[in-house]
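Examining the three-dimensional arrangement
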There are 2 protein chains.
Amino acid sequence: MERNLTNDVQLVTTQTIEIDQELRLESGRLLGPLTLAYETYGTLNDTASNAILVTHAWTGDAHAAGRHSEEDRKPGWWDNMIGPGRVLDTDKYYVICSNVIGSCKGSTGPTSTNPQTGRPYRLKFPIVMVRDMVRAQKLMLDALGISSLVTVIGGSMGAMQALEWGIHYPDMVRSIIPIAGTGRTSPMAIALNALARQAIYNDPLWKKGNYKPEHQPASGFALARAVGHISFLSEESMAMKFGRRFSARDGLFDFFGQFEVERYLEYNGNSFPARFDCNSFLYLAKALDLYDVSWNFSGMEEALERLDCPSLWFAFTSDWLYRPEQTEEVVDVLQKANKPVTYHLIDSDYGHDSFLVEPEKFTPYVVEFLRQLEV
Amino acid sequence: MERNLTNDVQLVTTQTIEIDQELRLESGRLLGPLTLAYETYGTLNDTASNAILVTHAWTGDAHAAGRHSEEDRKPGWWDNMIGPGRVLDTDKYYVICSNVIGSCKGSTGPTSTNPQTGRPYRLKFPIVMVRDMVRAQKLMLDALGISSLVTVIGGSMGAMQALEWGIHYPDMVRSIIPIAGTGRTSPMAIALNALARQAIYNDPLWKKGNYKPEHQPASGFALARAVGHISFLSEESMAMKFGRRFSARDGLFDFFGQFEVERYLEYNGNSFPARFDCNSFLYLAKALDLYDVSWNFSGMEEALERLDCPSLWFAFTSDWLYRPEQTEEVVDVLQKANKPVTYHLIDSDYGHDSFLVEPEKFTPYVVEFLRQLEV
């Protein structure tokens, strides 16, 4: 009974749905049949009008809230946002989160079996764009009988998906909430992903993607993750967390002696290959690099002209990966087109990761935005 | 005769000086005898009172100006600053630039022969700090009969050396001009160097520093250089130079297809091992990480209290490696201590590299500063 006193989502299970059809990707290639992993929290109402789609970032998954077992040490990645009485209130909303295609967390991706060969796709997997991920989500929602979304909300790559939802399924989406996003990935972000890629390619264990699952190119992959990690943090958050402290275990004048920040990056990088597939990481990095809302439109104006619903945007002052200017570029176009758009620049020291670390800084605006939608 | 019509420094040769003494390093270890590579431009006057010391950055060298031969394609790294009638006017000043210890460009470093073993030091080379580099430069100037410097000027690691000169040899230095510097390296800068280090350590050819000079760990070293390269650029300069252009040679949906920015980083990284030693790169990265002007003082205030001469500081708006705030931290302390300090925040889009790319943005202030010194 004790757990009922909390506001936690109760125990949840990741479910999968099989979609027996081929999806034509932006590249022109076909992908299918598709499997999508997803979780749901709350209850779909009789009119199926209370669904919210939560979209995840690069290495995220369908497990946005709750715990998989009583022993689970950590809840889902946005658990502080989702639950009874929380921002995405599961007493009111039916919240759905699905793993994107291209990932390795239950949805069809490079680790899945290629139906044409009976073996894992690996680098035979087609390049997917964020638009393709959203198209696959649409097929999933169709199969689940959901034809209306109160909102689509997500950070980083999740923000890209939210925007694509608003543009490509305007009849289905009542609002979108892109957080720490961008209308098109900057050359700086691409350059950082290029470092991550090269770190993996340099690892002899990578074998052009033909490593065995139990023998990932761990050194290169750990370094690639560390590149990402740095870009998610900020000067300020590093200063707060590590400063210039030198590892107590090392000698300052030892060649291999480390500062705390270095030890942290190494540790976190090394723990990563155990929970993510390297090829998936590369495919999703590619999807991030290729992201441009104006893809297949004449420009950003034409693309954003299709966004009819209210949109609520957040950027963070210390985010240097997808800088506030990048959100503002999109918001400016929407404002000039007289679209119903709201933008908040949130003062946070936690860099790109602010949307995960300090949700309380922006959630009051989300609550109010959702309340207004009901009116 | 045609060359005399130009303002170029004429042909120059890198010279070396042998200092037959052991330098006690900050680590407590002894290093010696020492070799220092240097170049000079202009003529030392009768009273030896017109000398200027130019200090170089991470992978720089003594070759700051002029050409080594008529066929030389590229002049020295700060040629646009040094020459007859230029900012550092060789009709007036005797300009000296020396390669730091720890480097591989002629001064004692990891590629030098360890007198105790008769073989290259490699990782037996002691950790050197910027303060040690400056101490070695002092021995060199002593040997050259120079006991007074009009100024010490340099960018990045060169700025650190200029500051150390001002603090540790106040009787010898009449002014300092630190550009794009910092009073202490930030955890972000350390984290980026950590990526570079790990890229090298991951390369099986590195062999803990015991590679043959002709078989450097080229893949890892190229990646390490690319990390540095990114940190020297800025969001703006990358947008100007590359934007989101995709390589014309690649297919957008090819797994190995590259954006222009990625191709550029790879190309530049790959050309680097031919002109720099990997162990030296690592030792100098370590010196950068360890840099803290307050090292062996009670704090920044006590360290900077020793700076008596006028100092002229520049930071660049788009520099995210050593951010303007880091220069301002030092300048604030100097101002509070009523030191003669001048600071200019220069609006430039070229990131940390601005001091090399857009000198015209700050050189008028340097010219005026040097003119005032004469009064």
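No experiment lies behind these values; they were computed from the predicted model shown. (Residues numbered from 1 in each chain as written. Chains lettered and ligands numbered in written order. Predicted model: local features only at pLDDT ≥ 70, side-chain atom pairs only at ≥ 80, totals over all residues. Heavy atoms only, no water.)

**Notes on the overall build of chain A**
A tally of helices and strands in chain A yields 11 helices and 14 strands. Radius of gyration (C-alpha) of chain A: 21 Å, near the 21 Å computed for a compact globule of 375 residues. By sequence separation, contacts in chain A at least 24 residues apart represent 72% of the contacts at least 6 residues apart. Per element, the accessible surface of chain A, about 14700 Å² overall, is 48% carbon and sulfur. Taking the average place of the 35 positive charges on the side chains of chain A and the average place of its 47 negative ones, the gap between the two points comes to 6 Å. (Helix = DSSP H or I, 4+ residues; strand = E, 2+ residues; numbered from the N terminus. Rg over C-alpha atoms; globule rule 2.2 N^0.38 Å. Contact = heavy atoms within 4.5 Å. Areas by Shrake-Rupley, 256 points an atom, 1.4 Å probe, with all protein chains shown as cover. Lys, Arg positive; Asp, Glu negative; His and termini not counted. Charge placed at Lys NZ, Arg CZ, Asp CG, Glu CD.)

**Examining the interface of chain B and chain A**
Many descriptions give the size of an interface as the accessible area lost when the pieces come together. Between chain B and chain A, the contact holds 59 residues from the first and 59 residues from the second. When chain B packs against chain A, the two sides together hide about 5000 Å² of surface, and 71% of this comes from carbon and sulfur. Remark: the boundary between chain B and chain A carries 8 salt bridges. Note that B:E262 is salt-bridged to A:R197, the shortest N-O span being 2.8 Å. (Buried area = accessible area lost by both parts, 1.4 Å probe. Salt bridge = Lys/Arg side-chain N within 4 Å of Asp/Glu carboxyl O.)

**Some remarks on the domain arrangement of chain A**
Residues and elements named next belong to chain A. Domains assigned within chain A are domain 1 (15-184 + 292-372) and domain 2 (190-285). On the domain 2 side, the residues contacting the 26 residues of domain 1 number 26 residues. Both faces combined, the contact of domain 1 with domain 2 buries some 2300 Å², and carbon together with sulfur accounts for 66% of it. When the area that domain 1 buries against domain 2 is broken down by residue, the three leading residues are W58, R122 and W320, summing to 32%. (Domains from an automatic or database assignment.)

**Observations regarding the packing of helix 1 (residues 130-143) of chain B against helix 2 (residues 157-168) of chain B**
The description of two packed helices rests on the angle between their axes and on the distance between the axes. Residue and element names in this part refer to chain B. Running from N to C, helix 1 and helix 2 cross one another at 65 degrees; their axes reach a closest spacing of 9 Å. Between helix 1 and helix 2, the interaxial angle falls into the category roughly perpendicular. The hand of the helix 1/helix 2 crossing is right-handed. Contact with helix 1, carried on its side by V130, R131, M133, V134, Q137, K138 and L141, involves M157, M160, Q161, E164, W165 and H168 of helix 2 and no other residues of that element. (Axes fitted to C-alpha atoms, helices over the stretch in contact; angles between N-to-C directions. Parallel < 35°, antiparallel > 145°, perpendicular 65-115°, else oblique. Left-handed = near helix turned anticlockwise from the far one by under 90°.)

**Focus: the UniProt feature "binding site: substrate" (unreviewed entry) in chain A**
Residues and elements named next belong to chain A. UniProt marks R225 and D353 with the feature "binding site: substrate" (unreviewed entry), using the numbering shown here. Separation in sequence by 129 residues is not matched in space for these annotated residues, since their most distant C-alpha atoms are only 14.3 Å apart. Mapped onto the elements, R225 comes out in helix 4 (residues 218-232). Sequence-distant contacts of R225, defined by excluding residues within four places in its chain, comprise T59, F232, G269, F272, R275 and F281. By the secondary structure assignment, D353 is in the loop between strand 14 (341-346) and helix 10 (354-357). (UniProt positions renumbered as here; feature names shortened; annotations may be inferred.)

**Some points on empty space enclosed by the protein**
Residues and elements named next belong to chain B. Under the definition given, this model contains 3 cavities of 30 Å³ or more. Within this model, the largest cavity holds a volume of roughly 50 Å³. In this structure, the largest cavity is lined by M129, V130, R131, E164, A287, L290, Y291, D292 and W295. Broken down by secondary-structure element, the contributors of at least two residues to the lining of the largest cavity are helix 1 and helix 7 (278-290). Partitioning the lining of the largest cavity into residue classes produces 6 nonpolar, no polar and 3 charged. (1 Å grid on protein atoms, 1.4 Å probe; cavity = no way out; pocket = protein on both sides within 12 Å on 5 of 7 lines; lining within 4 Å. Points joined across faces, edges and corners; volume = space filled by probe spheres on them. Nonpolar A, V, L, I, M, F, W, Y, C, P; charged D, E, K, R; others polar.)

**Remarks on the nonpolar core**
The tendency in soluble globular proteins is for nonpolar side chains to be buried side by side. Counting residues in each nonpolar core, the largest one holds 189 residues, and the members touching the most others are A:I101, A:W165, B:I101 and B:W165. Ignoring anything within four residues of it in the chain, the contact list for A:I101 reads A:L23, A:L25, A:L31, A:L34, A:L36, A:S107, A:T108, A:V128, A:D132, A:M133, A:A136 and A:L284. (Core = buried A, V, L, I, M, F, W, Y, C linked by side-chain atoms within 4.5 Å. Buried < 20%, exposed > 50% of the residue type's maximum accessible area, 1.4 Å probe, protein only.)

**A word on helix 1 (residues 130-144) of chain A**
Residues and elements named next belong to chain A. Here helix 1 contains 15 residues, and its C-alpha end-to-end distance of 21 Å stays within 8% of the 21 Å for a straight helix at 1.5 Å per residue. The buried fraction of helix 1 amounts to 11 of the 15 residues, a majority that puts the element mostly inside the structure. If you check which residues of helix 1 are buried, you get V130, R131, D132, M133, V134, A136, Q137, K138, L139, M140 and L141. Phi for G145, located one or two positions after helix 1, is positive at around 80 degrees. (Expected span 1.5 Å × (residues − 1).)

**So, the UniProt feature "domain: AB hydrolase-1" (unreviewed entry) in chain A**
According to UniProt, the positions carrying the feature "domain: AB hydrolase-1" (unreviewed entry) are residues 75-359 of chain A. The span residues 75-359 of chain A shows a helical share of 39% and a strand share of 12%, and its end C-alpha atoms are spaced 16 Å apart.

**What about the relation of the copies chain B and chain A?**
Two chain copies, one operation linking them: a rotation about an axis together with a shift along it. Of the transformation superimposing chain B on chain A, the axial component is 0.0 Å and the angular component is 180 degrees, with the fit at an RMSD of 0.0 Å. What the superposition gives is, in effect, a two-fold axis relating one chain to the other. Residue B:A199, judged by its C-alpha, is the member of chain B lying nearest the rotation axis, at 3.3 Å. Residue by residue, 100% of the interface of chain B is reproduced at the interface of chain A, so both copies engage with the same surface. (Least-squares fit on C-alpha atoms with pLDDT ≥ 70 in both.)

**Concerning the sheet that holds strand 13 (residues 311-316) of chain B**
Residues and elements named next belong to chain B. Strand order across the open sheet formed by 8 strands is 1-4-8-5-11-12-13-14, with mixed pairing between neighbours. Of all strands in the sheet, those bounded by a partner on one side alone are strand 1 (15-19) and strand 14 (341-346). Adjacent strand axes in the sheet meet at a mean angle of 20 degrees, parallel and antiparallel pairs treated alike. The pairing of strand 12 (residues 176-179) with strand 13 spans 2 bridges and is parallel. Residue pairing in the sheet places I176 in a bridge with S311 of strand 13. Across the sheet, helix 1 lies against strand 1, strand 4 (34-41), strand 5 (51-55) and strand 8 (94-98), angled at about 65 degrees from strand 4, the strand it touches most. (Pairing = 2+ DSSP bridges.)

**Observations regarding the state of the cysteines**
Residue and element names in this part refer to chain B. Within the structure shown, the criterion is met by 0 disulfides over all chains. Its sulfur unpaired, C97 is 14 Å from the next cysteine sulfur, which belongs to C104. This cysteine, C309, is not joined by any disulfide, and C97 carries the nearest cysteine sulfur, 19 Å off. A relative accessible area of 8% means that C309 is categorised as buried. (Disulfide = S-S within 2.5 Å.)

**Points about the side chain of B:S234**
When you line up the elements, B:S234 lands in the loop between helix 4 (218-232) and helix 5 (235-241). A relative accessible area of 1% means that B:S234 is categorised as buried.

**Thoughts on the pattern of salt bridges**
Using the criterion set out here, one finds 34 salt bridges over all chains in the structure. Ionic pairing is found between B:D142 and B:K138, a salt bridge with its closest N-O pair at 3.0 Å. You can see B:D142 and its partner B:K138 sitting in helix 1, 4 residues apart, about one turn around the helix. Among the charged side chains, a network of salt bridges with common partners joins A:E26, A:D132 and A:R135.

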